[in-house]
Every structure is written in structure tokens, then in C-alpha cells.
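Survey of secondary and tertiary structure
What follows is the residue order along each chain.
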Amino acid sequence: MNRRSITKRAAIVTATAIVAVGTVGTVAATAGTDAPKKPTKKEIAGLFNTWNAALRTGDAGKVADLYAKDAVLLPTVSNKVRTDRAGIVDYFQHFLENKPVGKKVQTIVNVLDTNSAIDTGVYEFKLTDPDTGAKRVVEARYTYEYEKRNGQWKIVNHHSSAMPEG
């Protein structure tokens, strides 16, 4: 190879590299414009309000609709682990008899990525005994694990347990 061929080849390699880098930079710059955004902590914390509103309907099916098909529920006032829709509906049919009204006391949200987040903390429920009308407040620890599925936030894991010292 003569000097002229080497210079020509170097110019072609350099030009190809510049085009490649420019293309990668353009793809990277435009890829970010349509990329899904991570939800805010406030958005995830607000999912509780949707769940609490479903409780107020008194319809166990509406509450269960907020759970993924493969969700796991470790409920507050039952020793039975619920792993399917029928079990979740069954739990809420009984729980809703107490006309629960929930309120968060403390919340800690971890947004894991664009499609998953965890909300954990302490909440309390005002419950009314269906037989006597007596009211009581139950304070409990909770964890909701959410995943965005088909564009909707679903509960995939919900653990709630009464405070051990309360």
C-alpha cells in the first residue's frame, strides 16, 4: 500500500466513525423524548386514596379489581394468605362489614422504576362493629407493592399487620 492509499483509507475510517458517533448521539437524544417517566412519590402515595375509596363503596369486587391477578394479600384481620381474586374478594367481603375508613399515619415510598414502586408505613382504620355499632380504631403496619400493568397501577403484594404493641 502506498502513502496515498493509507491516507485515503484513514479518511474513510474517520468519516465512518464520525457518522456512526453522530447517529448514536441522535438516537440517544431522541430516545429520551418518548421514554416513560418514573412516577412521583406523591403519585404512588396517592394510590392508597383510590384503594380507600374502593373500600367506601362496600363492594369487595371493586377493591379486588385494584389487585393484580397474581397478587398476594397478607391481610390485617385474617390469618389466611390470599393468593387469588376469589380469596381477596372473600377477605374484603368480611372486612367491609366493619365499614372501614382508612387513614395513613406515616408513609415511605420507594419508586423502583417506571413500572414498580413500594409504599410502606403505618395506617389506621376506624371500624364499626356490624352487630353492636361500637367503633374502634386499629393501627397497622402496611406494605403495598405496585406494578404498572397494561397502563394501570395494580397491587401485586399487600401486607398489613396490626401493631404488635398497640
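Structure shown above.
Summarised in this report is the structure supplied together with it. Keep in mind that this is a model prediction, so the values were computed, not measured.

Below, the discussion takes up the sheet that holds strand S4 (residues 135-149). On the basis of which strands lie adjacent, the open sheet formed by 5 strands has the order S1-S5-S4-S3-S2 and mixed pairing. For this open sheet the edge positions go to strand S1 (67-74) and strand S2 (101-113), each flanked by a neighbour on one side alone. Put simply, the sheet's adjacent strands are angled 20 degrees from each other on average, direction ignored. In terms of strand pairing, S2 meets strand S3 (residues 116-128) through 11 bridges, oriented antiparallel. Paired with aspartate 113 across the bridge in S3 is serine 116. Across the sheet, helix H4 (residues 85-95) touches S1 and S3, and the angle it forms with S1 is around 55 degrees.

Tracing the chain through its elements places asparagine 110 in strand S2. Distance from asparagine 110 to lysine 41, taken between C-alpha atoms, is 7.1 Å for residues 69 residues apart in sequence. Sequence-distant contacts of asparagine 110, defined by excluding residues within four places in its chain, comprise Ala117 and Ile118.

A separate point is the nonpolar core. A general tendency of soluble globular proteins is for nonpolar side chains to be buried together. Within the largest apolar cluster, 34 residues are counted, with the highest numbers of intra-cluster contacts made by Ile44, Trp51, Leu55, Val63, Tyr67, Phe92 and Tyr144. For this core, the elements supplying multiple residues, two or more each, are helix H2 (41-56), helix H3 (60-64), S1, H4, S2, S3, S4 and strand S5 (152-162). In this view, tryptophan 51 contacts Val63, Leu66, Tyr67, Phe92, Phe125, Tyr144, Ile155 and His158; residues no more than four positions away in its chain are not counted.

Conventions adopted
- Residues numbered from 1 in each chain as written.
- Predicted model: local features only at pLDDT ≥ 70, side-chain atom pairs only at ≥ 80, totals over all residues.
- Heavy atoms only, no water.
- Pairing = 2+ DSSP bridges.
- Helix = DSSP H or I, 4+ residues; strand = E, 2+ residues; numbered from the N terminus.
- Axes fitted to C-alpha atoms, helices over the stretch in contact; angles between N-to-C directions.
- Contact = heavy atoms within 4.5 Å.
- Core = buried A, V, L, I, M, F, W, Y, C linked by side-chain atoms within 4.5 Å.
- Buried < 20%, exposed > 50% of the residue type's maximum accessible area, 1.4 Å probe, protein only.

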